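Residue-level listing of the chains:
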Amino acid sequence: MKIGKTEITIVRQDIGCAHAGRKIKAAAAVDENSIRQYYRRALAAALRGSQRSIAFEASAKGLSETEARGAAKIFAQEVFRQIHEGKKSPAKVIICAQDKRTYEVFRNYGLGYIDYIENKLASPFLCVDVIIRTAAGIVVIKRSNPPFGWALPGGFVDYGESLEQAAAREAREETGLYIKEVKQFHTYSEPGRDPRFHAVSTVFTARAKGTPRAVSDAAGIRCIKPDEIKQLGFAFDHKKILLHYLSSMKIRNVNSKKS
């Protein structure tokens, strides 16, 4: 696969890494931030040293399927980020898989993910998120993909789809709920709000009846009360969004009482 001037390949450890230029050992950590920083620093260090060919050892040994896929996607995100945002990009990036399982995971969820975000999406990426209010509270999902953490239901806008249609689709896909009273709340565009790449998100508010259920790529789901927001670890800037929303509701209620 070639992205810009960078060729990205995956090979089995024993057949393709002998003459790969700088060779970097597999990350020892399994938590998201450590893996992300590992790839980011390794790429930066190799490029500072004028290494044009970089090989990463990879191993899924001891990792659950979710952890293995997550590691592959974090690799893809950081390589993509370096190619598109870095001052320099490598001529060749090689993943040296230590076994068949690692090879399959990085081929499908590493190279496959890069192909998806490079050829099917455009940057800055356009997203929607939805603050869904139910009788039990605000619906949040636990992400099964990196960045991990709790988040508002949402995702990328598909080609030919309005923001409102995307919001309704993502809400249904991730929570099983059909939303109503859909209104735009605010658009968040800070370049660093998403650790993967520059993503602009329009946030909607909506109401729904029924019990949400974790579907699609949601690993968990719950309804939270306002006082629980600060206690949870959120992905992206979703804690900031929810606190902004609560603040706006308080102002609205005060103005309503005055009138």
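The following paragraphs examine the structure supplied in this document.

Quick notes on the rules
- Residues numbered from 1 in each chain as written.
- Predicted model: local features only at pLDDT ≥ 70, side-chain atom pairs only at ≥ 80, totals over all residues.
- Heavy atoms only, no water.
- Salt bridge = Lys/Arg side-chain N within 4 Å of Asp/Glu carboxyl O.
- Helix = DSSP H or I, 4+ residues; strand = E, 2+ residues; numbered from the N terminus.
- Buried < 20%, exposed > 50% of the residue type's maximum accessible area, 1.4 Å probe, protein only.
- Contact = heavy atoms within 4.5 Å.

A separate point is the pattern of salt bridges. Counting across every chain of the model gives 15 salt bridges. Across the pair Asp-158 and Arg-169 runs a salt bridge whose closest N-O atoms are separated by 3.6 Å. Of this pair, Asp-158 sits in the loop between strand S9 (154–156) and helix H5 (163–175) while Arg-169 sits in helix H5, and the two are 11 residues apart along the sequence. Asp-158 sits in the partly exposed class, given a relative accessible area of 37%. Given a relative accessible area of 13%, Arg-169 falls into the buried group. Taking the shortest distance from any N to any O, the salt bridge between Asp-237 and Arg-193 comes out at 2.8 Å. Of the two residues, Asp-237 sits in the loop between strand S12 (218–224) and helix H6 (238–258) while Arg-193 sits in the loop between strand S10 (180–188) and strand S11 (199–207), which places them 44 residues apart along the sequence. Judged by its relative accessible area of 13%, Asp-237 is buried.

Turning next to the environment of Ile-241. Tracing the chain through its elements places Ile-241 in helix H6. A residue is classified by how much of its surface remains accessible, and Ile-241, at 0% relative accessible area, is buried. C-alpha separation for the pair Ile-241 and Thr-187, spaced 54 residues apart in sequence, amounts to 9.7 Å. If we skip the residues at most four places from it in the chain, Ile-241 touches Ile-131, Leu-152, Phe-185, Tyr-188, Arg-193 and Val-203.

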